[in-house]
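Geometric and topological summary
Listed here are the chains, written in short residue letters.
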Amino acid sequence: MCGMDMILSDRCQGRLQSFKGDRCMKKQGYTLGTRKVAIIGAGYVGSSIAYALALRDTAREIVMIDVNHKKTDGEAKDIRHGLPGIGTADLYAGDYNDCEDCDLIIITAGRGRKPGETRLDLTNENVKIMKSVIGNIQKNYTRGVILIISNPVDILTYKVAEWMGLPNGMVFGSGCILDSSRLVRTIADYVGLSTGVINGYVVGEHGENQVSVWSHVTVGGIPIAEYCTDVGLAWDEQIRAEVAQKTKVMGSEIIAAKERTHYGIATCVCQLADAIINMRPTIASVSSVLMGEHGCREVALSVPSVVGPSGVQQRIREKWAPEEYRGFFDAVENIRGTLSKMEGK
Ligand code: NAD
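Every residue gets a number counted from 1 within its own chain, in the order that chain's sequence is written. Local features in this predicted model are restricted to residues of pLDDT 70 or higher, and side-chain atom pairs are both shown and tallied only at a pLDDT of 80 or more, whereas totals for entire chains, interfaces and linings draw on every residue.

1. Some remarks on the site of the ligand
Using the following cut-off: Being near a molecule or strand means, for a residue, that its backbone-placed C-beta atom lies within 6 Å of it. Secondary structure elements follow DSSP: runs of H or I no shorter than four residues count as helices, runs of E no shorter than two count as strands, and numbering proceeds from the N terminus. Under the convention adopted here, Pro, Cys and the residues Ala, Val, Leu, Ile, Met, Phe, Trp and Tyr are nonpolar, Asp, Glu, Lys and Arg are charged, and Gly plus all remaining residues are polar. For the domain bounds, the source is a domain assignment made automatically or taken from a database.
As a structural note, the neighbourhood of the ligand is formed by 32 residues, with G41, G43, V45, A109 and N151 the closest of them. At the level of elements, α3 (44-55) and α5 (123-140) are the ones that each hand at least two residues to the shell around the ligand. When the residues that make up the shell around the ligand are grouped by side-chain class, the tally is 13 nonpolar, 15 polar and four charged. Split by domain, the residues of the shell around the ligand number at least three in each of domain 1 (32-173) and domain 2 (177-343).

2. A look at the packing of helix α7 (residues 177-191) against helix α9 (residues 237-258)
Packed helices, taken two at a time, are described by the angle their axes make and the gap between the axes. Test applied: Axis lines are fitted to C-alpha atoms, over the contacting stretch for helices. Their N-to-C directions set the angle, which ranges from 0 to 180 degrees. The scheme is simple: roughly parallel for angles under 35 degrees, roughly antiparallel for over 145, roughly perpendicular for 65 to 115, oblique for anything else. Helix crossings get a hand from a simple test, with the near helix turned counterclockwise from the far one by less than a right angle marking a left-handed crossing and a clockwise turn marking a right-handed one. By the convention adopted here, residues make contact when the C-beta atoms placed from their backbones lie within 7 Å.
The geometry of α7 relative to α9 is characterised by a closest axis approach of 9 Å and an angle of 135° between their N-to-C directions. In terms of axis orientation, α7 runs oblique to α9. Crossing of α7 against α9: the hand is right-handed. Along its contact with α7, which presents D179, R182, L183, T186, I187 and Y190, the element α9 presents V243, K246, T247 and M250.

3. As for the confidence of the model for the protein
Test applied: Confidence scores labelled pLDDT are given residue by residue by the predictor and lie between 0 and 100.
Overall, the prediction assigns the protein a mean pLDDT of 91, with 90% of residues at 70 or greater. Contacts of residues 1-33 to residues separated by more than four positions or lying in other chains number 14 contacts, the stretch itself having pLDDT below 50.

4. Observations regarding the nonpolar core
Most often, soluble globular proteins have nonpolar side chains that are buried together. How we decide: By convention in this section, buried Ala, Val, Leu, Ile, Met, Phe, Trp, Tyr and Cys residues joined through C-beta atoms within 7 Å make up a nonpolar core. Burial is judged by counting the other C-beta atoms within 10 Å of a residue's own C-beta: 20 or more makes it buried, 12 or fewer makes it exposed, and any count in between marks it as partly exposed, with every C-beta position built from the backbone.
The biggest cluster of nonpolar side chains holds 90 residues, and the ones touching the most others in it are V37, I39 and I62. For this core, the element with the highest residue contribution is helix α10 (residues 263-277), accounting for nine residues. Each of domain 1 (32-173) and domain 2 (177-343) gives at least three residues to this core. Apart from the residues lying within four places of it in its own chain, the contact partners of I39 are G46, I49, A50, I62, M64, I65, I106 and T108.

5. A few points about α7
Basically, it comes down to this: Multiplying one less than the number of residues by 1.5 Å gives the expected span of a helix.
Taking 1.5 Å per residue as the helical rise, α7 with its 15 residues ought to reach 21 Å, and the 21 Å between its terminal C-alpha atoms agrees with that figure. Turning to α7, its buried residues number three or more, namely I177, L178, D179, S180, S181, R182, L183, V184, T186 and I187. Following α7 by one or two positions, G192 has its phi on the positive side, about 70°.

6. Quick notes on the packing of helix α6 (residues 153-164) against helix α11 (residues 322-341)
At their nearest, the axes of α6 and α11 sit 10 Å apart, and the two run at 60° to each other. Considered as vectors, α6 and α11 are oriented oblique to each other. Classified by chirality, the crossing of α11 by α6 is right-handed. Along its contact with α6, which presents D154, I155 and Y158, the element α11 presents I335, T338 and L339. Partitioned by chemical class, the residues of the contact of α6 with α11 number four nonpolar, one polar and one charged.

7. Section: the sheet that holds strand β11 (residues 222-223)
We count it as follows: Here, any two strands with at least 2 DSSP bridges between them count as paired.
Pairing within the open sheet is antiparallel, and its three strands lie in the order β7-β10-β11. Only two strands of the sheet have a single neighbouring strand rather than two, namely β7 (198-199) and β11. The sheet contact formed by strand β10 (residues 218-219) and β11 spans two bridges and is antiparallel. Residue pairing for β11: V219 is matched across the bridge by I222.

8. Quick word on the pairing of strand β4 (residues 104-107)
Rules: With the strands aimed away from the viewer, a crossover counts as right-handed if its path from the first strand over the helix to the second runs clockwise.
Side-chain alternation along β4 places L104 and I106 on one buried face and I105 and I107 on a second face that is also buried. Judged from the four bridges that link them, strand β1 (residues 36-40) and β4 form a sheet pairing that is parallel. In the sheet register, I39 faces β4, and the bridge partner there is I106. For the crossover from β4 across α5 to strand β5 (residues 145-148), the handedness is right-handed.

9. Thoughts on α11
The periodicity of an α-helix, 3.6 residues per turn, causes residues three or four positions apart to be oriented the same way. Keep this limit in mind: The arc in question is the one traced by the directions running from the helix axis out to the C-beta atoms.
Over its 20 residues, α11 runs 29 Å from end to end, which matches the ideal 28 Å to within 8%, given 1.5 Å per residue. Residues of α11 that are buried include every one of G327, F328, A331, V332 and I335, and no others. Around the axis of α11, the buried residues are gathered within 145° of arc, so they sit on the same side. Among the exposed residues of α11, those oriented more than 90 degrees off its buried face are P322, E323, R326, E333, G337, S340 and K341.

10. Digging into unusual backbone geometry
Following N151, the chain continues to P152 via a peptide bond in cis, the omega torsion being 0°. On the secondary structure map, P152 appears in the loop between β5 and α6. Located in the positive-phi region is D57, a residue other than glycine, with phi close to 60°. Within the secondary structure layout, D57 lies in the loop between α3 and β2 (61-65). By C-beta crowding, D57 is classed as partly exposed, having 14 other C-beta atoms within 10 Å. Although it is not a glycine, E259 sits at a positive phi angle of roughly 70°. As for its placement among the helices and strands, E259 is situated in the loop between α9 and α10.

What follows is the structure in structure tokens.
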């Protein structure tokens, strides 16, 4: 024996021979047991989520599933190859059998908006895709929370909740978490402070009928109007409207510039995934089927919610200003209208 043969014991050599090269498409007969995440749809959004989760070491096992298995395998390997130095995640391209025993299943399959389209324009096409994805998941589902990212997220969250028939909140959508993050970013830029001291939410539709809840925005725990008066910054209806509008069109502006958005949502998903799989409950404005909150049911929309290991565990019934309620009820009507017009329902 010489060289490598001398260094490797027989057992090691046996393992090397049974190792199928670099493919790693599936686990090799062992299981890590917990903190397992499946991502369905390995396009820009799904791959960015996988990358973000792997970098943050949020999950132990991440399986990526997509109709385009070859590309998915490439995406998985590209992420996996850089991890040895920093992460422990076992990340691979798999199939729907791998949805078994997941703590979290994230669905990003579906077409994105083209410049000029609204999210609701994707309804009929993405509902069909979602139906086939859910059919495959149902054959292999054993447990875990289902998080919808594909658009229109409020419509798809409602339909998936109906199809899966799980306890309320175990299916929920990313909803307005990204819009809320954009709002906080915009306010922080306006007041010239770090985002960490700004608290604020966008509620309602992840789309045209989103509502910035100004009555609850705080800067360092102080209501924003009071803060601005105190430090001599202008704060009035026109500034609020400008900030809300800027927040609303941020997604379309990015799509006009680069045809898609994916990093922002991937970062937001890390907060939700951490809450679910690492049991670090958080509060975020996400979409789930309402059960009488603000007098609404049979529709999925975003309200500030406690998110933890079983998904949306509670929706917070905070009181809003009259114009905020009006905006929220417009969103309810808009989403209900789209649900009632949907092809094939
Ligand atoms: P993409 O085209 O890059 O990826 C979509 C992927 O879905 C593709 O890889 C495609 O092969 C796959 N797919 C299609 N049908 C499938 C099926 N039946 N089963 C499995 N996989 C299937 O698009 P993207 O940029 O990644 O966007 C994905 C979705 O996420 C879009 O609907 C987009 O609007 C949405 N999105 C949501 C948010 C949010 O805040 N909720 C933000 C950005 C994008």
